[in-house]
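Summary of the model geometry
Single-letter residue listing:
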Amino acid sequence: MVYLLLLVGFVLLIKGADYFIDGSSNIASLFKVPPLIVGLTIVAFGTGAPEATVSIIAALEGSADVTIGNIVGSNILNISLVVGITAFIFPLSVERPTIKKEIPFAFLATIVLFVLISDQSLEMTNENLITRSDGIIFLLFFSIFLYYVIEAARNSREKASDETVNVEETGSWGKNILLTVGGLAAIIFGGYLVVENSTEIAYRFGMSETLVGLTIVAIGSSLPELITSITAAMKKESEIALGNIVGSSIFNILFVLGIASIISPLPVNGKLFLDIIILLILTVFLFIFSRTHYKVGKYEGMALTIFYLAYLIYIIMRN
């Protein structure tokens, strides 16, 4: 039964991503906004739902290590493995605004996180803590990001106001909303089935809880981003693919950590500082790769994938 549910989870992930990309890209056409905007918002926030759920529940239960570790680990996985595999399968074209604004904003969000957890160094306190005040700061930065996205969408609609949309090609509003919502529900439920059942299988094979958390759960909760980005890239919607990853990284830090720390202040494990530095380095590499002919190619994708595998080996040995 466990293996059957695992198979059902993978089917839901793959088919859900297919419908989700079709529906959301058609909505972008009907709204006359660039697919990148949809990738940064609807797709990013939707595929980030598993991480958000895990982190907020962990905060309610007082498990700060799970909350912060899940966010940092998921972002590292997204920028290295998800971008890497997606670019290796189908090179990702990068729009110039993505390079100039979105990727630097993801870098800024990580810098804000690094500064706000450095209480012992900056304020000479006894412990590093993400307080409720820090959570409000995260949410304020998130509101700035949302304002930028809404303005970008409004400006693009004004430029495209004279263009006509072929309803036969894009489908009706009702159909596309149903595809998007249904696809998202399938992605979230499929991701849940994969994480729960693969974890149970791993325990049966004698894997430790730490190893399961660092490998299967971390990768499983990021499967929606991975499947959605690969599906988008194969459909030649690389703006949605990259927007999904960058948008999820921003959403995870600013919104999820913001909400989680307001629910309950989060003590910070000292080991996470190195992981956050690694995340900063990866974001810089993504920025550099994106400036190379405005795309992330196969070789860059391979390098990012190898980097994640090396990082995975390191954290297994560290723990």
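A few points on the structure. Note that this is a predicted model, so its numbers are computed, not measured.

Topologically, Phe90 is positioned in the loop between α4 (64–89) and β1 (92–93). In the structure, Phe90 is positioned 146 residues away from Lys236 in sequence and 8.4 Å away in space, judged by C-alpha atoms. The contacts of Phe90, once residues within four sequence positions are left out, are Ala233 and Lys236.

Summed over all chains, the structure comprises 8 aromatic pairs. When the ring of Phe114 is compared with that of Phe273, the centres are 5.7 Å apart and the planes differ by 85 degrees; the resulting orientation is edge-to-face. One end of the pair, Phe114, is in helix α5 (residues 96–116); the other, Phe273, is in helix α13 (residues 272–290), with 159 residues separating them in the sequence. Using a relative accessible area of 25% as the deciding quantity, one classes Phe114 as partly exposed. By relative accessible area, Phe273 is classed as buried at 18%. Its end group placed over the ring of Phe88, Lys298 keeps NZ or CZ at 5.6 Å from the ring centre.

With that out of the way, let us pick up a nonpolar patch on the surface. Side chains of Phe107, Leu108, Ile111, Val115, Leu122, Leu274, Ile277, Ile281, Val284, Phe285, Ile288 and Tyr314 sit close together on the surface and give an oily, nonpolar patch of about 940 Å² of accessible area. At the level of secondary structure, the elements contributing two or more residues to the nonpolar patch comprise α5 and α13. If you tally residues by element for the nonpolar patch, the top one is α13, at 6 residues. Along the chain, Ile281 turns up in helix α13.

Parameters and conventions
Residues numbered from 1 in each chain as written. Predicted model: local features only at pLDDT ≥ 70, side-chain atom pairs only at ≥ 80, totals over all residues. Heavy atoms only, no water. Helix = DSSP H or I, 4+ residues; strand = E, 2+ residues; numbered from the N terminus. Contact = heavy atoms within 4.5 Å. Phe/Tyr/Trp six-rings, centres within 6.5 Å; stacked < 30°, edge-to-face > 60°. Buried < 20%, exposed > 50% of the residue type's maximum accessible area, 1.4 Å probe, protein only. Lys NZ or Arg CZ within 6 Å of the ring centre and 35° of its normal. Patch = residues over 30% accessible without salt bridge, like charges linked within 9 Å, V, L, I, M, F, W, Y side chains within 5 Å. Areas by Shrake-Rupley, 256 points an atom, 1.4 Å probe, with all protein chains shown as cover. Salt bridge = Lys/Arg side-chain N within 4 Å of Asp/Glu carboxyl O.

Remember that the coordinates give geometry; whether it matters functionally is a separate question.
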